[in-house]
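# Observations on the model geometry
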Amino acid sequence: MQLRYSFRLYPTSGQRTALARAFGCARVVYNDALRARETARSERLPFPKTGVLSRQLITEAKNTPERAWLGEVSAVVLQQSLRDLDTAYRNFFDGLKGNRPRMGAPRYKSRRDTRQSVRFTANARWSITSGGKLRLPKIGDLPVKWSRTLPSAPTTVTVVKDAASRYFASFVVETDASEVLPRTTPEVGIDLGLGHFAVLSDGTKVDSPRFLRRAEKSLKKAQCALSRKEKGSSNRNKARIKVARAHARVADARREFHHRLSTKLIRENQAVAVEDLAVKGLARTRLAKSVHDAGWSAFVTMLEYKAARYGRTFIRIGRFEPTSQVCSRCGVKDGPKPLNVRVWTCSACGAVLDRDINAAVNVAKAAGLAVSACGAQVRPERVPAPRGEAGTHPTPQPSTAR
């Protein structure tokens, strides 16, 4: 499988100028190609092929006074910009055909975009020097902060500048089956939520760090300082970078938490099961900020690719599975419950169940994993609870996340 490793770059002022030139040239070629295809579509002409666009917009354009500066950057960067446009069109048409989620049509790039990137393939003859620097054609040797060793020789490298004016080198490497972990016995179901980020079927509860909520005070201060700056001024640009860096710290902390937890779960369990959550739907409710702060989709994606990488089993059950309504001991469906009900009593067997642990056990059972339901029991109860106690309250109650 292919993996991507990102490392921080620290270019000099001259190298930052060269990278800005590469970003700009790649953006111009991309926009020229998009304009040519949109013009052909509006005039009902044949769709221009990539080879024709490459000859017209790169090779021949370098010989004109208007585009002579395209020769100041590596030709591979410009060619890859055309490949990116092909990918954007392919994703758009596949979405229309129903082969993938729908995506918007390709749009023109702007120099004010928060993310700028260029890609170098093996044809560009980039290399990693003996001193550990990244040597890029017509840019120079960029210092790299190596945080780990690459498992194999990379095939491509993408240089990215984010909204916080940070530079990263993103390498694509191929991995083989040598990283498959030894088989282990435990299998676990995971119930994701907001009160606790994750509740496991063995009874373990992982608290939600709430990175965005904890940083709201500093973010508010930086945003207020930005709003007071005059538009177009240098001070406003400095304030904008401060806001972007504050958000970047939150995103980095969240990503680090996801990586640590997902790696721990994959290493300790042979099979992992999660529920397919409707994150887009939940993000349109009053819990939107908390849902985005949790980052469930990114976490589940990490679980999925790490399971494939290390030889584990990853199972995603349907989102309509009634995991919170079914007793994990006797299997009786006791009906929906408001979110403020965290512990409930089964009307059939009398078991007092923790809502989150019971849901995690049901996730594991729905995935066919050999998980005991004993972890869901809080205390035994001889007399079944009245039906009204487990039903929906007639008046609205304060709710927390499941």
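The rules we used
- Here the residue numbers are simple positions, counted from 1 along each chain's written sequence.
- Local features in this predicted model are restricted to residues whose pLDDT is 70 or higher, and side-chain atom pairs enter the listing and the counts only when it is 80 or higher, whereas totals over whole chains, interfaces and linings include all residues.
- Hydrogens are left out, water is left out, and the side-chain values use all remaining heavy atoms of the structure.
- A run of DSSP states H or I qualifies as a helix once it reaches four residues; a run of E qualifies as a strand once it reaches two. Both are numbered from the N-terminal end.
- A simple rule labels every residue: compare its accessible area, found with a 1.4 Å probe on the protein chains alone, to the largest value its type can have, and call it buried under 20%, exposed over 50%, or partly exposed in between.
- Residues are treated as being in contact if the distance between any of their heavy atoms lies within 4.5 Å.
- Exposure was quantified through the Shrake-Rupley algorithm and a 1.4 Å probe, taking into account, for residues, occlusion by the shown protein chains and nothing else.
- None of His or the chain ends enter the tally, which takes Lys and Arg as positive and Asp and Glu as negative.
- Here the site of a charge means atom NZ of a Lys, CZ of an Arg, CG of an Asp or CD of a Glu.
- A pair is scored as a salt bridge if a Lys or Arg side-chain nitrogen falls within 4 Å of a carboxyl oxygen belonging to Asp or Glu.
- Predictor confidence is given residue by residue as pLDDT, running from a minimum of 0 to a maximum of 100.
- Take the buried residues of types Ala, Val, Leu, Ile, Met, Phe, Trp, Tyr and Cys, join any two whose side-chain atoms come within 4.5 Å, and each joined set is a nonpolar core.
- At least two DSSP bridges between two strands are required for those strands to pair.
- To estimate the expected span of a helix, count its residues, drop one, and scale the result by 1.5 Å.
- Aromatic rings from Phe, Tyr and Trp, taking only the six-membered ring of Trp, are treated as a pair when their centres fall within 6.5 Å; an angle between ring planes under 30 degrees marks them as stacked, one over 60 as edge-to-face, and anything in between as tilted.
- The rule is short: NZ of Lys or CZ of Arg within 6 Å of the ring centre and within 35 degrees of the ring normal puts a charge over the ring.

## Side note on the overall build of the protein chain
Regarding its fold elements, the protein chain presents ten helices and 16 strands. Overall, the C-alpha framework of the protein chain stretches about 90 × 55 × 50 Å when taken along its three principal axes. Taken across its 402 residues, the protein chain has 43% of its residues classed as buried. For the protein chain, long-range pairs separated by at least 24 residues make up 68% of all intrachain contacts whose partners lie at least 6 apart in sequence. Total accessible area on the protein chain stands at roughly 22200 Å², and carbon and sulfur atoms take up 51% of it. Positive and negative side-chain charges of the protein chain, numbering 73 and 34 respectively, have mean locations separated by a distance of 6 Å.

## So, the pattern of salt bridges
Counted by the stated rule, this structure contains 21 salt bridges. Across the pair R41 and E38 runs a salt bridge whose closest N-O atoms are separated by 3.1 Å. With R41 and E38 both in helix α1 (residues 13–42) and three residues apart, this pair spans about one turn of that helix. By relative accessible area, which is 57% here, R41 ends up exposed.

## Quick notes on the confidence of the model for the protein chain
Of the residues in the protein chain, 91% reach a pLDDT of 70 or more, and the chain-wide mean stands at 87. Contacts of residues 373–402 to residues separated by more than four positions or lying in other chains number 62 contacts, the stretch itself having pLDDT below 50.

## A short note on unusual backbone geometry
Glycine aside, residues mostly have negative phi angles, and peptide bonds mostly take the trans form. The backbone of R125 sits at a positive phi, close to 60°, despite the residue not being glycine. Since its relative accessible area comes to 74%, R125 is described here as exposed. Here the phi dihedral of R210 falls at roughly 55°; this positive angle occurs in a residue that is not glycine. Relative to the helices and strands, R210 resides in the loop between β11 (205–207) and α4 (211–214). The exposure class assigned to R210 is partly exposed, which follows from its relative accessible area of 39%.

## A short note on the nonpolar core
Note that soluble globular proteins tend to have their nonpolar side chains buried in a common cluster. In terms of nonpolar packing, the biggest core is built from 42 residues, with F120, L134 and L136 touching the most fellow members. Residue assignment for this core shows that the elements contributing at least two residues are β1 (2–9), α1, α2 (50–59), α3 (75–97), β2 (116–120), β4 (134–136), β7 (156–161) and β8 (167–174). In terms of residue count, α1 provides more of this core than any other element does, ten residues in total. Apart from residues lying up to four places away in sequence, L134 is in contact with L9, W126, S127, I128, G140, D141, L142, V144, V157, A169 and F171. Grouped together as the second largest cluster of nonpolar side chains are 32 residues, L194, V206, F257 and W296 included.

## What about the pairing of β1?
Going residue by residue along β1, you find L3, Y5, F7 and L9 tucked away on one face and Q2, R4, S6 and R8 left uncovered on the opposite face. Where β1 lies against β8, eight bridges are found, and the strand directions are antiparallel. Bridge assignment links R8 to a residue of β8, and that residue is F168. Relative to strand β6 (residues 144–145), β1 runs antiparallel, the two being bridged by two bridges.

## Let's talk about helix α10 (residues 355–366)
Over its twelve residues, α10 runs 16 Å from end to end, which matches the ideal 16 Å to within 8%, given 1.5 Å per residue. Among the twelve residues that make up α10, ten are buried, leaving the element largely enclosed by the rest of the structure. Taken as a whole, α10 has its buried residues at R355, D356, I357, N358, A359, A360, V361, N362, V363 and A364. Phi for G368, located one or two positions after α10, is positive at around 80°.

## Details of the packing of aromatic side chains
Inspection of every chain in the model, using the stated rule, returns ten aromatic pairs. Members of the aromatic cluster, each reached through a chain of ring pairs, are F7, W126, W146 and F171. Its guanidinium or amino end placed over the ring of Y310, R267 lies 5.4 Å from that ring's centre, counting from NZ or CZ.

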